[in-house]
Amino acid sequence: MRNCLFIIVCLLMLSAAALAQDAPRIEVFGGYSYLRADSQDFPEHNLNGYTVSGNVNLNKWFGLKADFSDHYNDFQISPGVRADLNLRFLTGGAQFTSYKSEKVTPFVHVLVGVARRNFGVSRAVAGNGPTNITANAFAFIVGGGMDVKINQSLAWRAFQTDYILTTFEDLRDDRQNNFRLSTGLVWKIGNQ
């Protein structure tokens, strides 16, 4: 009886371990991204764009991540004057992921890098040509999200939320607190 109970407990433990996902060696994400930009200098704060990232898992819970995103919006400042706002982020850092569930994979990441802002104004008034102002700044990103498994090599990033700190010094406030929300597909390559 004792041996039978031992075998049943061992089988249950093995089946529970089999339910856990294997960590993929590489994850590539691409999808839609919304950015709520913090700036008192621009009348429009909502920007749309995309995010692309790659994560190389060094073990079952830790990986190195590179992230690029591009966000843009155009708006009218006054009659005959239009403006374009573009924010890009190129960052890298660490990602911590839990592969304990078969269907859902939560993660958090901490990234640092550079932000690039381009603000262009075009005037329809004669004699005034377009004006572009470009600036670079430090960017710090902390956030996380959740991937939902579609099949062995594909997942849907249900959400990724990020706090993004930028330090554009030419704005009224030299520290901007931005919010990014992304969704899209994750391609999983290889096994850890």
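The sections below set out a description of the structure shown in this document. Quick caveat: nothing in here was measured; it's all calculated off a predicted structure.

## Some thoughts on the overall build of the chain
Alright, step 1. Looking only at helices and strands, the chain has one helix and eight strands in total.
Alright, step 2. The helix and strand sequence of the chain, counted from the amino end, reads α-β-β-β-β-β-β-β-β.
Alright, step 3. Within the chain, buried positions represent 35% of all 192 residues.
Alright, step 4. Restricting to contacts in the chain with at least 6 residues of sequence separation, those with at least 24 account for 59%.
Alright, step 5. Taken as a whole, the chain presents about 10,700 Å² of accessible surface, with 64% of it coming from carbon and sulfur.

## Structural notes on the environment of Thr 166
Alright, step 1. Residue position: Thr 166 is located in strand E7 (residues 154-166).
Alright, step 2. With 53 residues separating them in the primary sequence, Thr 166 and Gly 113 have C-alpha atoms 9.8 Å apart.
Alright, step 3. Each residue touching Thr 166, except ones within four places of it in the same chain, is listed here: Phe 89, Ala 115, Phe 138, Ala 139, Asp 174, Arg 175, Gln 176 and Asn 178.
Alright, step 4. Within the structure, Thr 166 has its side chain in polar contact with the side chain of Gln 176 (distance 2.8 Å).
Alright, step 5. Among the polar contacts made by the side chain of Thr 166, one reaches the side chain of Asn 178 at a distance of 3.2 Å.

## Quick look at the nonpolar core
Alright, step 1. Within the largest apolar cluster, 19 residues are counted, with the highest numbers of intra-cluster contacts made by Leu 35, Leu 87, Phe 89, Phe 119 and Phe 168.
Alright, step 2. Where this core is concerned, the elements lending two or more residues are strand E4 (81-97), strand E5 (104-123) and strand E6 (131-151).
Alright, step 3. The biggest single contributor to this core is E4, with five residues.
Alright, step 4. Not counting chain neighbours up to four residues away, the residues in contact with Leu 35 comprise His 45, Asn 46, Leu 47, His 71, Leu 87, Phe 89, Ile 164, Asn 178, Phe 179 and Arg 180.

## Quick notes on the pairing of E7
Alright, step 1. With twelve bridges connecting them, E6 and E7 associate as antiparallel partners. Bridge assignment links Gly 144 to a residue of E7, and that residue is Thr 161.
Alright, step 2. Note: E7 against strand E8 (residues 176-189), eleven bridges, orientation antiparallel. Opposite Thr 161, over in E8, you have Leu 181 as the bridge partner.

## Focus: the packing of aromatic side chains
Alright, step 1. In the structure shown here, the tally under the stated rule is four aromatic pairs.
Alright, step 2. Geometrically, the ring pair formed by Trp 61 and Phe 62 is tilted, given 5.8 Å between the ring centres and 55 degrees between the ring planes.
Alright, step 3. With 5.5 Å between their ring centres and 50 degrees between their planes, Phe 62 and Phe 96 make a pair best called tilted. On the criterion of sequence distance, the pair formed by Phe 62 in strand E3 (residues 62-78) and Phe 96 in strand E4 is long-range, its members being 34 residues apart.
Alright, step 4. Classification of Phe 96 as partly exposed rests on a relative accessible area of 34%.
Alright, step 5. Here the aromatic residues Trp 61, Phe 62 and Phe 96 are joined through ring pairs into a cluster of three or more.
Alright, step 6. Across the ring face of Phe 168, the terminal group of Arg 117 is positioned such that the distance to the ring centre comes to 4.7 Å.

## Looking at the pattern of salt bridges
In a structure, side chains of opposite charge can pair up when their charged atoms sit close to one another.
Alright, step 1. Taken as a whole and judged by the stated rule, the model has seven salt bridges.
Alright, step 2. Note that Lys 188 is salt-bridged to Glu 27, the shortest N-O span being 3.2 Å. Placement of Lys 188 in strand E8 and of Glu 27 in strand E1 (residues 26-36) is noted, with a sequence separation of 161 residues between them. Accessibility classification places Lys 188 together with Glu 27 in one group, the buried group.
Alright, step 3. With its nearest N and O atoms 2.7 Å apart, the salt bridge here joins Asp 147 to Arg 157. You can see Asp 147 sitting in strand E6 and its partner Arg 157 sitting in strand E7, a full ten residues away along the chain.
Alright, step 4. Residues participating in the shared-partner salt-bridge network are Asp 67, Asp 162 and Arg 180.

## Brief notes about empty space enclosed by the protein
Alright, step 1. By the definition in use, this model includes two cavities of 30 Å³ or more.
Alright, step 2. Of the pockets and cavities examined, the second largest cavity occupies roughly 30 Å³.
Alright, step 3. Every residue lining the second largest cavity is listed: Glu 27, Val 28, Phe 29, Ser 53, Asn 55, Lys 65, Gln 95, Arg 157 and Val 186.
Alright, step 4. The biggest single contributor to the lining of the second largest cavity is E1, with three residues.
Alright, step 5. Classifying every residue of the lining of the second largest cavity gives three nonpolar, three polar and three charged.

What counts as what
- Residues numbered from 1 in each chain as written.
- Predicted model: local features only at pLDDT ≥ 70, side-chain atom pairs only at ≥ 80, totals over all residues.
- Heavy atoms only, no water.
- Helix = DSSP H or I, 4+ residues; strand = E, 2+ residues; numbered from the N terminus.
- Buried < 20%, exposed > 50% of the residue type's maximum accessible area, 1.4 Å probe, protein only.
- Contact = heavy atoms within 4.5 Å.
- Areas by Shrake-Rupley, 256 points an atom, 1.4 Å probe, with all protein chains shown as cover.
- Polar contact = N/O pair within 3.5 Å; in protein donor to acceptor, adjacent residues only side chain to side chain.
- Core = buried A, V, L, I, M, F, W, Y, C linked by side-chain atoms within 4.5 Å.
- Pairing = 2+ DSSP bridges.
- Phe/Tyr/Trp six-rings, centres within 6.5 Å; stacked < 30°, edge-to-face > 60°.
- Lys NZ or Arg CZ within 6 Å of the ring centre and 35° of its normal.
- Salt bridge = Lys/Arg side-chain N within 4 Å of Asp/Glu carboxyl O.
- 1 Å grid on protein atoms, 1.4 Å probe; cavity = no way out; pocket = protein on both sides within 12 Å on 5 of 7 lines; lining within 4 Å.
- Points joined across faces, edges and corners; volume = space filled by probe spheres on them.
- Nonpolar A, V, L, I, M, F, W, Y, C, P; charged D, E, K, R; others polar.

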